[in-house]
Amino acid sequence: MVTLQHPRARPPQRPDESMSLLNDLFAKPLEPGYEEVAARERAAGVDTSAAGRRRFSPILIVGAAALGLLLTIAALQVQNNAAVVSSERQGLIDRIRAEDERVSRLQDNVETLESEISGLEASLLENSAAGRQLRAEVEQLQARAGSIAVTGPGVVITIDDADPESFDNPELAAVQDIDLQQVVNGLWAAGAEAISINGQRITSLTAIRQVDNIVKINYRPTQSPFEVTAIGDTRSLPSEFGDGPGGQWLRHFDLQFDVRSEESLEIPAGNTSLLHAQPGEAR
């Protein structure tokens with residue numbers, strides 16, 4: 001009896017034929033070329049076992065030891081460099097803090113001396129009517145220049161950072177130096193007579209600058225929230241500021257701010273010392 005077979009039919013398969021690749025791998029773990037080399041080494045009496053390779057590979061051992069030594073030296077060098085950088089950074093921080101404290105002490109000394117000078121001037125000018133009138137005029141000029149402390153009604157504006165989630169870059173949510181500049185200009189335009197930010201008097205010599213995300217006023221570092229104090233007419237100052245360029249700027253950039261009126265505020269004196277400018281002759 002002849003059995004007919006379909007042209008595309010496959011001959012009977014071994015049960016494990018689908019695993020022939022795995023079978024070959026286990027049956028012949030080495031390529032033919034590698035197997036031939038291993039056979040020649042065995043015929044020459046060379047130990048090709050794993051133990052033999054480990055036993056007769058001194059170069060490999062020396063290389064591994066050298067590599068380990070190099071890695072150890074590199075790790076120690078990185079640690080030493082990190083320690084040096086950290087030490088230098090801490091040293092700079094300590095120097096900055098020491099300089100800030102020195103500036104604060106000098107500023108206190110300046111304020112004390114200016115107060116003593118004002119007292120001496122007042123005592124000398126009190127001796128006559130002309131002197132008292134001159135004293136009043138001098139005090140008005142000093143108040144406008146910011147060289148003496150002033151009191152009066154006004155507003156207090158508290159400004160804080162915007163919501164960081166509203167910005168792709170969260171750092172843009174922080175109050176910037178330009179924000180405070182716009183607020184100060186808006187207060188002058190609204191009729192403010194004297195302004196301070198976080199206790200720093202704003203005068204014609206005041207610098208509001210930002211360095212590495214730190215806002216400095218009169219070269220003194222400050223941070224949020226910023227409390228802006230302005231003396232002026234409490235009936236018009238809050239509304240004119242809110243409707244003016246200062247309030248519009250804060251709302252445009254979603255900065256948090258609050259405006260409240262106060263019947264009695266005190267603004268400290270500022271530094272108005274001139275090193276090079278001298279009064280000119282009247283024309």
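These numbers come from a predicted model, not from an experiment.

Caption draft 1: How the structure looks around the layout of surface pockets. Its boundaries defined by the atoms lining it, the largest pocket holds a volume of some 530 Å³. Residue composition of the lining of the largest pocket, by class: seven nonpolar, 10 polar and five charged.

Caption draft 2: Here's a closer look at the sheet that holds strand β8 (residues 256-267). The antiparallel open sheet is built from five strands, whose spatial order is β3-β2-β7-β1-β8. Every other strand in the sheet has two partners, leaving β3 (200-201) and β8 as the edge strands with one partner each. Here four bridges tie strand β2 (residues 194-197) to strand β7 (residues 226-231), and the two strands are oriented antiparallel to one another. Note on β7: the bridge partner recorded for Ile197 is Val228. Sitting on the sheet, helix α6 (residues 177-190) touches β1 (150-160), β2 and β7, and the angle it makes with β2 is about 160°.

Caption draft 3: Spotlight on the pattern of salt bridges. Going through the model one piece at a time under the given rule, you end up with three salt bridges. Here Glu99 ties to Arg102 by a salt bridge, and the two come within 3.1 Å at their closest N and O atoms. With Glu99 and Arg102 both in helix α4 (residues 58-125) and three residues apart, this pair spans about one turn of that helix.

Caption draft 4: Representation of unusual backbone geometry within the structure. The omega angle of the peptide bond from Ser224 to Pro225 is -5°, so this bond is cis rather than trans. Looking at the secondary structure, you find Pro225 in the loop between β6 (220-222) and β7. The backbone of Tyr219 shows a phi angle near 65°, a positive value even though the residue is not glycine. As for its position among the elements, Tyr219 is in the loop between β5 (214-217) and β6.

Caption draft 5: The arrangement of the sheet that holds strand β4 (residues 208-211) in detail. Strand order in this open sheet of three strands is β4-β5-β6, and the pairing throughout is antiparallel. If you trace the sheet from one side to the other, it starts and ends with β4 and β6, each paired once. In this sheet, adjacent strand axes meet at a mean angle of 40° when their direction is disregarded. Across four bridges, β4 lies against β5 in antiparallel orientation. What sits directly across from Val211, in β5, is Ile214. Those strands touched by α6 are β4 and β5, and its axis lies near 170° from that of β4.

About the thresholds
- Residues numbered from 1 in each chain as written.
- Predicted model: local features only at pLDDT ≥ 70, side-chain atom pairs only at ≥ 80, totals over all residues.
- Heavy atoms only, no water.
- 1 Å grid on protein atoms, 1.4 Å probe; cavity = no way out; pocket = protein on both sides within 12 Å on 5 of 7 lines; lining within 4 Å.
- Points joined across faces, edges and corners; volume = space filled by probe spheres on them.
- Nonpolar A, V, L, I, M, F, W, Y, C, P; charged D, E, K, R; others polar.
- Pairing = 2+ DSSP bridges.
- Helix = DSSP H or I, 4+ residues; strand = E, 2+ residues; numbered from the N terminus.
- Contact = heavy atoms within 4.5 Å.
- Axes fitted to C-alpha atoms, helices over the stretch in contact; angles between N-to-C directions.
- Salt bridge = Lys/Arg side-chain N within 4 Å of Asp/Glu carboxyl O.

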